[in-house]
Amino acid sequence: MLTAEENQLLTQVGPGTPGGELLRRYWQPVGVVPELTAEHPTKRVRVLGEDLVLYMGEDGSYHLIAEQCAHRGASLYYGFVEGCNLRCPYHGWVYDPNGRILEQPFEPAESMMKHVVHQAAYPVQQMRGLLFAYLGPLPAPILPRWDVIAREDGTHKIEVHPVLACNWVQVQETNVDPTHNTYLHYLWGYKLGMRKDFRFQPIELDFELCEWGILKRRNFGGEGAYKEEGHPAVFPNMLRHSSGHGPIDFFWRVPADDTHTLTYWLGFNPSPDGSIQAVEMPPVEYIELKDDEGYFHMRSFPSQDSMAWETQGPIRDRSLEHLGVGDKGVVMFRQLLKQQIDLVREGGDPMGIIRDLAQDRLISFSASK
């Protein structure tokens with residue numbers, strides 16, 4: 001159980017909030033390459049409570065800038081891309097990728113306004129078809145080369161999921177809540193005829209802090225018992241899946257604002273012979289979670305999970321909870337989140353931040369113990 005004040009501390013993501021300042025220390029995916037073209041080079045983006053415009057320069061570079069023009073607030077989504085700059089469609093002010101004003105067509109040439117006014121703008125990097133933005137204080141840390149992204153001995157696929165009407169913490173907490181699988185996934189699969197049988201399996205849980213977050217393991221008992229190698233819940237808002245061999249994947253749960261969450265997924269399937277097959281732009285699929293009537297169809301893990309997240313409400317009131325032994329991973333995550341918020345408040349870098357070029361390497365995960 002959390003107090004209302006503690007819940008607010010962990011769930012707020014906007015500029016100047018403690019949780020928002022923590023999340024701004026990490027690169028976040030905000031789009032995929034095919035969403036921007038020469039014909040349609042701009043995209044509206046809402047991330048961490050800020051309304052922004054993602055745009056592609058004429059040279060193929062990517063940039064992110066505050067949507068409302070600093071002059072009189074018109075949307076730069078409708079602006080004109082000129083080189084790597086963006087011209088406001090209302091009065092023609094021109095901004096460079098760093099938010100500096102280059103032109104003010106109706107102001108005197110000697111005006112100093114363009115040297116004083118600045119538009120919020122953020123760096124963007126493209127990696128394996130995903131567009132990552134960094135909204136924190138400069139200099140930006142190194143964008144981690146997770147194995148799912150960086151490996152080239154196989155093929156990749158991207159999924160973009162619908163925006164969830166709930167806070168990001170509700171989503172991330174499930175990554176350290178292994179007991180939900182039995183009923184939310186396996187029983188629903190049986191009810192819908194996607195599984196041949198269903199029986200309750202007791203679960204032994206193990207959680208361990210690691211370099212990148214929390215490693216969770218499950219040991220399923222009873223008939224057909226088996227032990228999973230573990231899935232790292234990568235701090236603060238990521239999850240890496242692996243079966244121990246073969247395909248691996250990565251989820252990013254990106255807060256749009258306090259009550260909405262974006263989901264990007266990248267999968268990697270190794271080639272049988274280890275040959276290089278990766279391409280820079282993998283295929284992209286847009287996932288559906290609900291049926292034609294607007295209800296979760298429950299035919300897939302993402303739909304089942306999203307039901308559980310959204311039906312808790314926009315921001316779960318955690319003062320009403322009654323946690324048990326099976327929730328120890330959730331408790332660990334909340335403690336870790338608060339610790340890292342406090343660390344940023346004190347002027348430090350939170351966990352998982354890479355600044356040393358010598359540490360810029362392919363990041364693999366081993367769950368052996």
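Just above, that's the structure.
Residues numbered from 1 in each chain as written. Predicted model: local features only at pLDDT ≥ 70, side-chain atom pairs only at ≥ 80, totals over all residues. Heavy atoms only, no water.

Caption draft 1: Main features of the overall build of the protein chain. What the protein chain contains, in helices and strands, is eight helices and 22 strands. Taken against the 2.2 N^0.38 rule, which gives 21 Å for 369 residues, the C-alpha radius of gyration of the protein chain at 22 Å falls within 12% of a compact globule. Each principal axis of the C-alpha atoms in the protein chain carries an extent, and together these give about 80 × 55 × 50 Å. Sorting the 369 residues of the protein chain into buried and exposed places 51% on the buried side. Across the protein chain, contacts joining residues at least 24 apart in sequence account for 60% of those joining residues at least 6 apart. Surface exposure of the protein chain reaches about 17,400 Å², of which carbon and sulfur atoms provide 53%. Averaging the locations of the 34 positively and 49 negatively charged side chains of the protein chain gives two centres separated by 4 Å. (Helix = DSSP H or I, 4+ residues; strand = E, 2+ residues; numbered from the N terminus. Rg over C-alpha atoms; globule rule 2.2 N^0.38 Å. Buried < 20%, exposed > 50% of the residue type's maximum accessible area, 1.4 Å probe, protein only. Contact = heavy atoms within 4.5 Å. Areas by Shrake-Rupley, 256 points an atom, 1.4 Å probe, with all protein chains shown as cover. Lys, Arg positive; Asp, Glu negative; His and termini not counted. Charge placed at Lys NZ, Arg CZ, Asp CG, Glu CD.)

Caption draft 2: Structural view of the packing of aromatic side chains. Inspection of every chain in the model, using the stated rule, returns ten aromatic pairs. When the centroid spacing of 5.6 Å and the interplanar angle of 70° are considered together, the rings of Phe132 and Trp252 count as edge-to-face. Remark: Trp252 occurs in strand S19 (residues 248–257) and Phe132 occurs in strand S11 (residues 130–133); sequence separation between them is 120 residues. Comparing Phe132 with Trp252 shows no difference in burial state: the two are buried. With centroids separated by 5.3 Å and ring planes inclined at 80°, the aromatic side chains of Trp146 and Trp212 adopt a geometry described as edge-to-face. Of the two residues, Trp146 sits in strand S12 (residues 145–146) while Trp212 sits in the loop between strand S14 (203–210) and strand S15 (213–220), which places them 66 residues apart along the sequence. Residue Trp146 is classed as buried on the basis of its relative accessible area, which comes to 5%. Between Lys290 and the ring centre of Phe296, over which it is positioned, the NZ or CZ distance is 4.8 Å. (Phe/Tyr/Trp six-rings, centres within 6.5 Å; stacked < 30°, edge-to-face > 60°. Lys NZ or Arg CZ within 6 Å of the ring centre and 35° of its normal.)

Caption draft 3: Quick look at a nonpolar patch on the surface. Residues Trp188, Leu192 and Met194 make up a contiguous nonpolar surface patch of roughly 270 Å² in combined accessible area. When you line up the elements, Leu192 lands in the loop between helix H6 (181–191) and S14. Of the residues examined, Leu192 reaches a relative accessible area of 38% and is grouped as partly exposed. (Patch = residues over 30% accessible without salt bridge, like charges linked within 9 Å, V, L, I, M, F, W, Y side chains within 5 Å. Salt bridge = Lys/Arg side-chain N within 4 Å of Asp/Glu carboxyl O.)

Caption draft 4: Quick look at the packing of H6 against helix H7 (residues 301–310). Contact geometry for H6 and H7: axes closest at 10 Å, N-to-C directions at 130°. Relative to H7, the element H6 is oriented oblique. Handedness of the H6/H7 crossing: right-handed. Each of Leu184, His185, Tyr186 and Trp188 in H6 lies in contact with H7, whose residues at this interface are Phe301, Gln304, Asp305, Met307 and Ala308. Residue composition of the contact of H6 with H7, by class: six nonpolar, two polar and one charged. (Axes fitted to C-alpha atoms, helices over the stretch in contact; angles between N-to-C directions. Parallel < 35°, antiparallel > 145°, perpendicular 65-115°, else oblique. Left-handed = near helix turned anticlockwise from the far one by under 90°. Nonpolar A, V, L, I, M, F, W, Y, C, P; charged D, E, K, R; others polar.)

Caption draft 5: Seen up close, the sheet that holds strand S3 (residues 50–56). With antiparallel pairing, the four strands of this open sheet are ordered in space as S2-S3-S4-S9. Looking at the sheet topology across the chains shown, the edges are occupied by strand S2 (42–47) and strand S9 (121–122). Looking at chain direction, S2 and S3 are connected through six bridges and run antiparallel. Paired with Val45 across the bridge in S3 is Leu52. (Pairing = 2+ DSSP bridges.)

Caption draft 6: Local environment of the nonpolar core. Of all hydrophobic cores here, the largest spans 68 residues; its most connected members are Trp146, Trp252 and Leu337. For this core, the leading source of residues is helix H8 (residues 328–345), giving six residues. With residues up to four places along the chain from it excluded, the contact list for Leu337 reads Leu10, Leu22, Trp168, Val169 and Phe235. (Core = buried A, V, L, I, M, F, W, Y, C linked by side-chain atoms within 4.5 Å.)

Caption draft 7: Seen up close, the pattern of salt bridges. The final tally for this structure, using the stated rule, is 22 salt bridges. Here Arg151 ties to Asp153 by a salt bridge, and the two come within 2.8 Å at their closest N and O atoms. Put simply, Asp206 and Arg217 hold a salt bridge, and the shortest N to O gap is 3.4 Å. Note that Asp206 is positioned in strand S14 and Arg217 in strand S15, a separation of eleven residues in sequence. Of the residues examined, Arg217 reaches a relative accessible area of 6% and is grouped as buried. Among the charged side chains, a network of salt bridges with common partners joins Glu173, Arg318, Glu321 and Arg334.

Caption draft 8: Structural view of unusual backbone geometry. Note that the residue after Leu138, namely Pro139, is joined by a cis bond; omega there is 5°. Structurally, Pro139 can be placed in the loop between S11 and S12. Omega for the peptide link from Phe235 to Pro236 comes to 5°, which places this bond in the cis form. Take Pro236: it is sitting in the loop between strand S17 (231–234) and strand S18 (238–242). Its identity is not glycine, yet Arg128 carries a phi of approximately 55°, on the positive side.

Caption draft 9: Quick peek at the sheet that holds strand S1 (residues 28–32). If you walk across this open sheet you meet the three strands as S1-S11-S10, and the pairing is antiparallel. One side of each edge strand has no neighbouring strand; the edge strands of this open sheet are S1 and strand S10 (124–127). Averaged over all pairs of adjacent strands, the angle between their axes in this sheet comes to 35°, without regard to strand direction.

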